[in-house]
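Residues per chain, in single letters:
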Amino acid sequence: MEFNVKKLASDAGVFFSRAMQFTEEKLGQAEKTELDAHFENLLARADCTKNWTEKILRQTEVLLQPNPSARVEEFLYEKLDRKVPSRVTNGELLAQYMTEAASDFGPGTPYGKTLIKVGETQRRLGAAEREFIRSASISFLTPLRNFLEGDWRTISKERRILQNRRLDLDACKARLKKAKAAEAKAALWSDEVEKAEHELRLTQSEFDRQAEVTRLLLEGISSTHVNHLRCLHEFVESQTNYYAQCYQFMLDLQKQLGRFSGTFVGNAESASPAGVTSPPAAAATLPAVPTIPVVPTIVGVPNTVAEAVLNPNEVKPPASGTRRARVLYDYEAADSTELALLADEMITVYSLPGMDPDWLIGERGNQKGKVPVTYLELLS
């Protein structure tokens, strides 16, 4: 009990001495031991790393999970060392709603079929998003969080110890200075000078040792940058794969919907009220061209129009009915009968009797081939 009381009294005395030294330094009434320029640069670099790592971590968390309530929930589960429950992504929830709507509207109707197709793509997008979040959390967020909660806490702890060692050192310097000033007036103070010099040597040794420990930790920030750089590359790779998947999913969906457009138009026409005539699909996109009788297909005998469509290089553009069109998206030709497209380029297009309404003949210079209507913006 007596030992504890003495220890508490000693700790209180040390705390008071440090507080006095710190206050006098702030008021300019005491000298302060300055760290060398290299050490100060290491400190500034460490603080900069900590501040920007925090900001990047927080904003990446917002990017991956925009819902603040969900982020708080995940944080609590993590602190309680419990597994975060699986959460349905927005894309997966939308897919569920679309599938249920298609069931009510009729999965065999054009609208129901399209809802099912779009819903399936949304489900795939949601699954890709879930995988991206998981991958980014492991490869990027976790290393940043480990630095802040591990290495940085250790650095902060050692810096506080170094600060205390410096305050003790400067307090000893101040006491030695006072003792020497008193010695000059009376020889009786020589013992105080010797004691102050001994304390100064001890505190100087402790300060130097702590400064070396802290310096080594601060120099480790370079390794932290290298590690975070590697993690950043992995994050970019995960993000690239995610967006590439999303692009491919939407491209596939667009092609599927392009095949459905003829069915949609036909259904819409059949559903028109009695007495109201809907314009033909071709009239809504291109000027009419002279009608050419379609020769019935006979087994073993090629159809003339079909043969012309399959061989675009042999097709002659009509005298009238051609239009200019701007390409909306890149398109990769499936075979030699199709024309590859680049977004934003201008081409000439026209239709031929008997052609699938979802396709046109496109020309670019001396190149010619079939192109999908859904990839074009027809200009007047």
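Described below are features of the structure shown in this document. Note that the structure is predicted; figures quoted are calculated from it, not measured.

## As for the nonpolar core
Then step 1. Ranked by size, the top nonpolar core spans 34 residues in total, and within it Phe-39, Phe-132 and Leu-218 carry the most contacts.
Then step 2. At the level of elements, helix H2 (37-64), helix H5 (110-183), helix H6 (190-219) and helix H7 (221-270) are the ones that each hand at least two residues to this core.
Then step 3. If you tally residues by element for this core, the top one is H5, at 16 residues.
Then step 4. When residues no more than four places from it in sequence are discounted, the contact partners of Leu-218 are Phe-39, Leu-42, Leu-43, Ala-46 and Ile-155.
Then step 5. Membership of the second largest hydrophobic core comes to twelve residues, among which are Ala-325, Tyr-331, Leu-339 and Val-349.

## Points about the pattern of salt bridges
Then step 1. Counted by the stated rule, this structure contains 17 salt bridges.
Then step 2. With a shortest N-O distance of 2.6 Å, Glu-120 and Arg-123 are connected by a salt bridge. With Glu-120 and Arg-123 both in helix H5 and three residues apart, the pair spans about one turn of that helix.
Then step 3. Shared partners join several salt bridges into a network, and the residues in it are Arg-58, Glu-61 and Arg-145.

## Some words on the packing of aromatic side chains
Then step 1. Summed over the entire model, instances satisfying the criterion amount to nine aromatic pairs.
Then step 2. Between Phe-140 and Phe-235, the ring centres sit 4.8 Å apart and the planes meet at 20 degrees, which makes this aromatic pair stacked. With Phe-140 in helix H5 and Phe-235 in helix H7, this residue pair connects regions lying 95 residues apart in the sequence.
Then step 3. Under the relative-accessibility criterion, Phe-235 is labelled buried at 8%.
Then step 4. Ring geometry for Phe-147 and Trp-152: centres 6.4 Å apart, planes at 50 degrees, overall tilted.
Then step 5. Taking relative accessible area as the criterion, Phe-147 reaches 3% and is therefore assigned buried.
Then step 6. One aromatic cluster is present, built from ring pairs that chain together Phe-132, Phe-140, Phe-235, Tyr-242 and Tyr-243.
Then step 7. The aromatic ring of Trp-359 is capped on one face by Lys-370, whose charged end is 5.4 Å from the ring centroid.

## Structural notes on the sheet that holds strand S2 (residues 346-350)
Then step 1. Read from one edge of the open sheet, five strands run S4-S3-S2-S1-S5, paired in antiparallel fashion. This sheet does not close on itself; its edge strands, each paired only once, are strand S4 (367-372) and strand S5 (376-378). Adjacent strand axes in the sheet meet at a mean angle of 40 degrees when their direction is disregarded.
Then step 2. Where strand S1 (residues 323-327) lies against S2, four bridges are found, and the strand directions are antiparallel. Bridge assignment links Ala-325 to a residue of S2, and that residue is Ile-347.

Parameters and conventions
Residues numbered from 1 in each chain as written. Predicted model: local features only at pLDDT ≥ 70, side-chain atom pairs only at ≥ 80, totals over all residues. Heavy atoms only, no water. Core = buried A, V, L, I, M, F, W, Y, C linked by side-chain atoms within 4.5 Å. Buried < 20%, exposed > 50% of the residue type's maximum accessible area, 1.4 Å probe, protein only. Helix = DSSP H or I, 4+ residues; strand = E, 2+ residues; numbered from the N terminus. Contact = heavy atoms within 4.5 Å. Salt bridge = Lys/Arg side-chain N within 4 Å of Asp/Glu carboxyl O. Phe/Tyr/Trp six-rings, centres within 6.5 Å; stacked < 30°, edge-to-face > 60°. Lys NZ or Arg CZ within 6 Å of the ring centre and 35° of its normal. Pairing = 2+ DSSP bridges. Axes fitted to C-alpha atoms, helices over the stretch in contact; angles between N-to-C directions.

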